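Examination of the molecular architecture
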Amino acid sequence: MARGASAVPSPPLPDTAGEDPPQTFTLNRAREELDLPFAEFELALQLGEIGTVTCGGADRRRVSATELARVRDQDGGTVGLLSRIELVNTTAAADLLGVGRDRLLRLTRAGFVRPVRWYVNRYRALVWLYLAGELREFAVARPALLAGRLPAELRGAQAEGVDLRPRGWRSRQVARLVKDAPGPWAEAAVWAALLGPEVTDEAVPDPHERRRLRGIHTVLPHGRPGPLAGTALIRRLTVADAPDEIAAGLLALAEALGRARAGERVPPKPLYEPGSALPPEPGGVLVTGPGDVPPPRDRPPGPGPDAASAPPPPGGALAGPGGAAARGRGAPRTVAGAWSVGERPRRSLLRLLRGRHQAVDG
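What comes next is a walk through the structure. (Residues numbered from 1 in each chain as written. Predicted model: local features only at pLDDT ≥ 70, side-chain atom pairs only at ≥ 80, totals over all residues. Heavy atoms only, no water.)

**A short note on the nonpolar core**
- Counting residues in each nonpolar core, the largest one holds 24 residues, and the members touching the most others are Leu97, Leu107, Trp118, Leu135 and Phe138.
- For this core, the elements supplying multiple residues, two or more each, are α5 (90–97), α6 (101–109), β5 (117–120), β6 (126–131), α7 (132–141) and α12 (231–238).
- If we skip the residues at most four places from it in the chain, Leu97 touches Leu104, Leu135, Phe138, Ala139 and Leu146.
- Listed in part, the 20 residues of the second largest apolar core include Leu195, Leu213, Leu253 and Ala260. (Core = buried A, V, L, I, M, F, W, Y, C linked by side-chain atoms within 4.5 Å. Buried < 20%, exposed > 50% of the residue type's maximum accessible area, 1.4 Å probe, protein only. Helix = DSSP H or I, 4+ residues; strand = E, 2+ residues; numbered from the N terminus. Contact = heavy atoms within 4.5 Å.)

Pasting the structure below:
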């Protein structure tokens, strides 16, 4: 700061130490506060009409008191919420738009309106459900498709048996799950569930990463399919099957995995760097390089030239605690002047490693 310049005081920081954390409710308590049935509350969460926050992990979601107040104060309150999430089947949707059921089937199979849910009824028929509000918006945006002759492209797709309803449902599910994902691993798990186990195994070669992804999402959440929905049908509706859909899923999976790996990458510490010193062994010497050999310790004095004429100890050379009587028959003999256990020089770390390597190779 220049001499003579007056210091400008910085604005005081807000004191949040004494503030209480925002109040949140469990999902069941939030449903009771809004007085919503289970199915409607679950659908409102799925469609994003009621926002949630993560508390204590990705699987523990709660609703804040502020969000409950927003839903109550929104247009129509709880009644308005129920009207926005109203679901209709194909027959009711045709009546709502004032068209025949066959015409509405052609429009939905062509992907003009995406379904929100599906289930298998007691007659084992697959039933698709649509948002009544989206059907009204479609009628306002594309009135020409509700009357007259359908476009040639749409008639050709109908003749080829194209049905985009499963893909439209999957795209809606994936968009919601990716938006609510708490991190890149959860986001990658969504794309892995969309691609299915076979494609994911080829795209993610690491078994630990695959196990982590499947621990978050095994398949796309399919809501309430009904007790008559078989495994083959669930797989057909939840796994991507079109080539362009699979390609887009693979790109998204690779991008999410890249961010997940980068966030957890820790550079490994090398065992040895040229010019650095290896840690010494307990009671050993410091090895400063792979070519260095530690100097031997001073060997204790051995027997002198007159050792041969020295009288043997009482009881013979092998008597005493280390003698043959103590060792038993066949035990190895001790040599005079050999290293004791406490004085024996330790081999260097490099020699130990080399010896282990040779033992493994052999």
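**Side note on the sheet that holds β6**
- One open sheet accounts for three strands, arranged β4-β6-β5; its pairing is antiparallel. One side of each edge strand has no neighbouring strand; the edge strands of this open sheet are β4 (87–88) and β5.
- Sheet topology places β4 next to β6; two bridges connect them, and they run antiparallel. Directly across from Leu87, in β6, lies its bridge partner Leu131. (Pairing = 2+ DSSP bridges.)

**Some remarks on helix α9 (residues 165–180)**
- Taking 1.5 Å as the rise per residue, α9 with 16 residues should run 22 Å; its terminal C-alpha atoms sit 23 Å apart, in good agreement.
- Those residues of α9 lying buried are Arg165, Pro166, Gly168, Trp169, Arg170, Arg172, Gln173, Val174 and Leu177. (Expected span 1.5 Å × (residues − 1).)

**Some thoughts on the packing of helix α1 (residues 27–34) against helix α3 (residues 65–73)**
- Closest axis-to-axis distance for the α1/α3 pair is 11 Å, and the angle between their directions is 30°. Between α1 and α3, the angle falls in the class roughly parallel. Relative to α3, α1 is oriented so that their crossing is right-handed. Facing α1, whose interface residues are Ala30, Glu33 and Leu34, α3 presents Leu68, Val71 and Arg72. (Axes fitted to C-alpha atoms, helices over the stretch in contact; angles between N-to-C directions. Parallel < 35°, antiparallel > 145°, perpendicular 65-115°, else oblique. Left-handed = near helix turned anticlockwise from the far one by under 90°.)

**Quick notes on the packing of aromatic side chains**
- Counted by the stated rule, this structure contains two aromatic pairs.
- Ring plane angle 45° and centroid distance 6.0 Å describe the contact between Phe112 and Phe138, whose orientation is recorded as tilted. Separated by 26 residues along the polypeptide, Phe112 in the loop between α6 and β5 and Phe138 in helix α7 bring together distant segments of the chain.
- Residue class for Phe112 comes out partly exposed when judged on its relative accessible area of 30%.
- The class of Phe138 is buried, set by a relative accessible area of 7%.
- Aromatic pair Trp118 and Trp169: ring centres 6.1 Å apart, planes at 80°, arrangement edge-to-face. Placement of Trp118 in strand β5 and of Trp169 in helix α9 is noted, with a sequence separation of 51 residues between them. (Phe/Tyr/Trp six-rings, centres within 6.5 Å; stacked < 30°, edge-to-face > 60°.)

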